[in-house]
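In case you want the letters, here they are:
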Amino acid sequence: MSNYSIKHLEEYYQVYRKSIRDPENFWSEIAEEHFMWRKKWDNVLSWDFSKPEIKWFEGAKLNITENCIDRHLATKGEKTAILFEPNSPDEAAQHITYRRLYERVNQLANVLKDHGIEKGDRVCIYLPMIPELAISLLACARIGAVHSVVFAGFSSNALSTRINDSDCKMVITSDGSYRGAKTIDLKGIVDVALDECPSIKDVLVVNRINSDITMKEGRDKWLQPLLDAASTECAAEIMDAEDPLFILYTSGSTGMPKGMVHTTAGYMVYTAYTFKNVFQYKENDVYWCTADIGWITGHSYIVYGPLANGATTVMFEGVPSYPDFGRFWEVIAKHKINQFYTAPTAIRALAKQNIDFAETHDLSSLKVLGSVGEPINEEAWHWYNDVIGKKKSPIVDTWWQTETGGIMITPLPYVTPTKPTYATLPFPGIQPALMDENGEEIKGNQVDGRLCIKFPWPSMARTIWGNHQRYKETYFTAFKDKYFTGDGALRDEVGYYRITGRVDDVIIVSGHNLGTAPIEDAINEHPAVSESAVVGFPHDIKGNALYGYVILKETGESRIHDNVRKEINQIITEHIGPIAKLDKIQFTIGLPKTRSGKIMRRILRKIASRDMNNLGDTSTLLNPEVVQEIKDNVL
Ligand code: 6R9
């Protein structure tokens, strides 16, 4: 019997040891007992990181939608699979049962087939957070088409680049989307993109905002009439374990985005098993992850992981600030959310608001709080723990990546004692290693280095679409026979991991390696500071010096600014040492961020170095307008 749900710390260590001693046996037991296979595998794992080539459950046959939907129908047909909460609180929520999900996925699958989509074809999905988005992923998976979701906040340029990179045949989109008080003309963005995309034959359009759009004759069709005419039965395409399930683009440090390719069986097993354990999901729980399905977090922990467990998963169309900053907390109270999974950037933004926004809502249903996407600073961690969790909902600070497919380092709630800013312990099956600059593994505790993974896990990306060489160079070349994450980490005295940020964020000042995250943590301790970012800039004597961009909770006079500058450096000196003091502190109204909330340090670095003409593409930023403001006020 596998330990599908880990209940206490001793059990975690037992399971972990078993997963390392005999990984093949460990994963095959889980796969065997908890999933539906059309044919079992011939071989659990074959791997060679030097090529790199990784295969899990080779020879097995399955369809992931039979695991996410069909097998639940007998016992959970009337259970809510997807709970849709619209942008406006005045619009009713929708409860889509497993039975209805089955019918709707099959209808769309049939429409795709009618439009010539076959196993292996790529379909681009460019939709807001409405049920049709999740249904589109599943409909593709039903017939073996490879979905490529592009976040519906990306520009036409970013969209056409991604469509062309993977030669998509079709786009599924909507007339527009709601975002707080605004509407966005999605179809207009698609139209501009498609001028550059010769491979697209058909565009299926969901009517979401009833807007007046142009439909191109012979290419564009409203989706709803096609669905209404389609059968609610569609036989699942039987897939090989290693057939691609989806492509998802992630930006690299330079050039073209990387189309990470995830395959079927390993991804399914790993996302399902991590979901069960990291969120301790119980049968009648209501789980909510606030990510967009345009990101890996949404793929793995809104759609596939929860549905494979027969869970109720919430899809939220709106934003945390509309109609006011109490929206998240109102939704938690309304749907009695048990597990809530969000990002530090959202937590920091909400922690800045009047505490009444949180305190006027009943949050007592919460059992687990999750964090993902970037290091969570100490102040935000405590606010989340105290104000939202009332110190009784453990915070799971989950470290992972688009490339890893699923959560890699994380506490298990009610199992692993948490520690602020620490992602804590590796999930079963995950073998982290910290490496030094000479490529040697650093053993023992109380050490820091570059974070690698030594052994394959089922949900790792198998390649970059159309560029296996780049996959090899990016992830398997820096350290021999290891997957290099690009992150730095430290391991404390009990073996807990703390992710210190991207290694390219390490700044060497007078020969000392400084991670940006601990310095920013220190800055954020100042009561007047709401957010900060630190970068290096060239310095004659020190090699590099530190430049801080700081957002204040309230803007004040310049006299106060000078005091705050001094106090920030005092706090840094206390927390880290004088070596980490900032040479320059620029107060700003915002920081350039990616759509998933990550600070674009590349831009900040260039501005701090006065390399203004070469900022690269800023059009995919969440807030491109702050770039000019920062440039105008550079010190
Ligand atoms: C899931 C996701 C991956 C990068 C990763 C790391 C950062 C994610 C984190 C975290 C510290 C955490 N990151 N989770 N850093 N603590 N809990 O975010 O995927 O968008 O590909 O980003 O995000 O730097 O390497 P992705």
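Model, not experiment: these values are computed from the prediction.

## Observations regarding the environment of H575
Line of reasoning, step 1. Among the secondary structure elements, H575 is positioned in helix 18 (residues 558-575).
Line of reasoning, step 2. Separated by 50 residues in sequence, H575 and E525 have C-alpha atoms that sit 10.0 Å apart.
Line of reasoning, step 3. Excluding residues within four positions of it along the chain, H575 makes contact with A522 and E525.

## Structural notes on the site of the ligand
Line of reasoning, step 1. What surrounds the ligand is a group of 16 residues, the closest being D397, T398, Q401, T402 and D487.
Line of reasoning, step 2. At 2.9 Å from an oxygen atom of the ligand is found a side-chain nitrogen or oxygen belonging to Q401.
Line of reasoning, step 3. For the ligand, whose accessible area on its own is 530 Å², the fraction buried by protein is 91%.
Line of reasoning, step 4. Breaking the shell around the ligand down by element, the ones donating at least two residues are helix 11 (296-308) and strand 25 (497-502).
Line of reasoning, step 5. Tallied by class, the residues present in the shell around the ligand amount to six nonpolar, five polar and five charged.

## Here we look at the sheet that holds strand 7 (residues 146-149)
Line of reasoning, step 1. With mixed pairing, the eight strands of this open sheet are ordered in space as 12-11-8-6-7-14-15-23. Because the sheet does not close on itself, it has two edges, and the strands there are strand 12 (220-222) and strand 23 (463-464).
Line of reasoning, step 2. The pairing of strand 11 (residues 202-206) with strand 12 spans three bridges and is parallel. Counted as the bridge partner of V205 is W222 from strand 12.
Line of reasoning, step 3. The sheet strands contacting helix 6 (residues 131-143) are strand 6 (122-126), strand 7, strand 8 (170-174), strand 11 and strand 14 (244-250), and the helix crosses strand 6 at an angle near 175°.

## Focus: the domain arrangement of the protein chain
Line of reasoning, step 1. Domain annotation for the protein chain reports domain 1 (41-254 + 264-394 + 457-462) and domain 2 (510-633).
Line of reasoning, step 2. Of the roughly 1,300 Å² buried between domain 1 and domain 2 on both sides combined, carbon and sulfur atoms contribute 50%.
Line of reasoning, step 3. Considering only the surface of domain 1 that becomes buried against domain 2, R348, K352 and E379 emerge as the three largest contributors, covering 30% of it.
Line of reasoning, step 4. Where domain 1 packs against domain 2, one counts one salt bridge.
Line of reasoning, step 5. One salt bridge connects E531 with R348, and the closest N-O pair in it is separated by 3.2 Å.
Line of reasoning, step 6. At the boundary of domain 1 and domain 2, one finds five residue pairs in polar contact (both at pLDDT 80 or more).
Line of reasoning, step 7. Across the side of domain 1 that touches domain 2, the residue classes tally to five nonpolar, six polar and six charged.

## Description of the nonpolar core
Line of reasoning, step 1. Core analysis: the largest hydrophobic core is formed by 124 residues, its most contacted members being W37, F57, L101, L112, F279 and Y304.
Line of reasoning, step 2. Looking at this core, the element that brings in the most residues is helix 10 (residues 264-279), giving ten residues.
Line of reasoning, step 3. Setting aside chain neighbours within four positions, we find Y304 in contact with I64, C68, L137, L138, A141, H147, L245, Y267, T271 and H299.
Line of reasoning, step 4. One finds I332, I337, A358 and I388 within the second-largest nonpolar core, a separate group that totals 26 residues.

## Focus on the pairing of strand 7
Line of reasoning, step 1. Taking every second residue as pointing to the same face, both faces of strand 7 are buried, with V146 and S148 on one and H147 and V149 on the other.
Line of reasoning, step 2. Where strand 6 lies against strand 7, four bridges are found, and the strand directions are parallel. Paired with R122 across the bridge in strand 7 is V146.
Line of reasoning, step 3. Read from strand 6 through helix 6 to strand 7, the crossover connection turns out right-handed.
Line of reasoning, step 4. Two elements, strand 7 and strand 14, share two bridges in a ladder whose sense is parallel. Bridging across to strand 14, S148 finds its partner in I247.

What counts, and where the lines are drawn
- Residue positions are given per chain, counted from 1 along the sequence in the order it is written.
- Only residues with pLDDT of 70 or above have their local features reported here, since the model is predicted, and side-chain atom pairs are shown and tallied only from 80 upward, although totals for entire chains, interfaces and linings are computed over all residues.
- Side-chain measures were taken over the full set of non-hydrogen atoms in the model, leaving aside hydrogen atoms and water.
- In DSSP terms, a helix is any run of H or I states spanning at least four residues, a strand is any run of E spanning at least two, and both are numbered starting from the N terminus.
- By definition, residues are in contact when any of their heavy atoms lie within 4.5 Å.
- Definition of nearness: a residue and a molecule or strand are near each other if at least one heavy atom of the residue lies within 4 Å of the molecule or strand.
- Polar contacts, as used here, are pairs of N or O atoms within 3.5 Å; protein pairs need one atom able to donate a hydrogen and one able to accept it. Residues neighboring in sequence count only if both atoms are side-chain atoms.
- Here, Shrake-Rupley sampling with a 1.4 Å probe gives the accessible areas, and only protein chains in the shown set may cover a residue.
- In this classification, the charged set is Asp, Glu, Lys and Arg, the nonpolar set is Ala, Val, Leu, Ile, Met, Phe, Trp, Tyr, Cys and Pro, and all remaining amino acids, among them Gly, are polar.
- Pairing between strands is defined by DSSP: at least two bridges between the two strands are required.
- Here, axes are lines fitted to C-alpha atoms. For helices the fit covers the stretch in contact, and angles between N-to-C directions go from 0 to 180 degrees.
- What fixes the domain bounds is an automatic or database domain assignment.
- Two parts lose some accessible area (1.4 Å probe) when they are put together, and adding that loss for both gives the buried area.
- Put simply, a salt bridge is a Lys or Arg side-chain nitrogen that is within 4 Å of an Asp or Glu carboxyl oxygen.
- Here, nonpolar core refers to any group of buried Ala, Val, Leu, Ile, Met, Phe, Trp, Tyr and Cys residues whose side-chain atoms link them within 4.5 Å.
- A simple rule labels every residue: compare its accessible area, found with a 1.4 Å probe on the protein chains alone, to the largest value its type can have, and call it buried under 20%, exposed over 50%, or partly exposed in between.
- Look down the strands so they point away from you; if the path from the first strand over the helix to the second goes clockwise, the crossover is right-handed.

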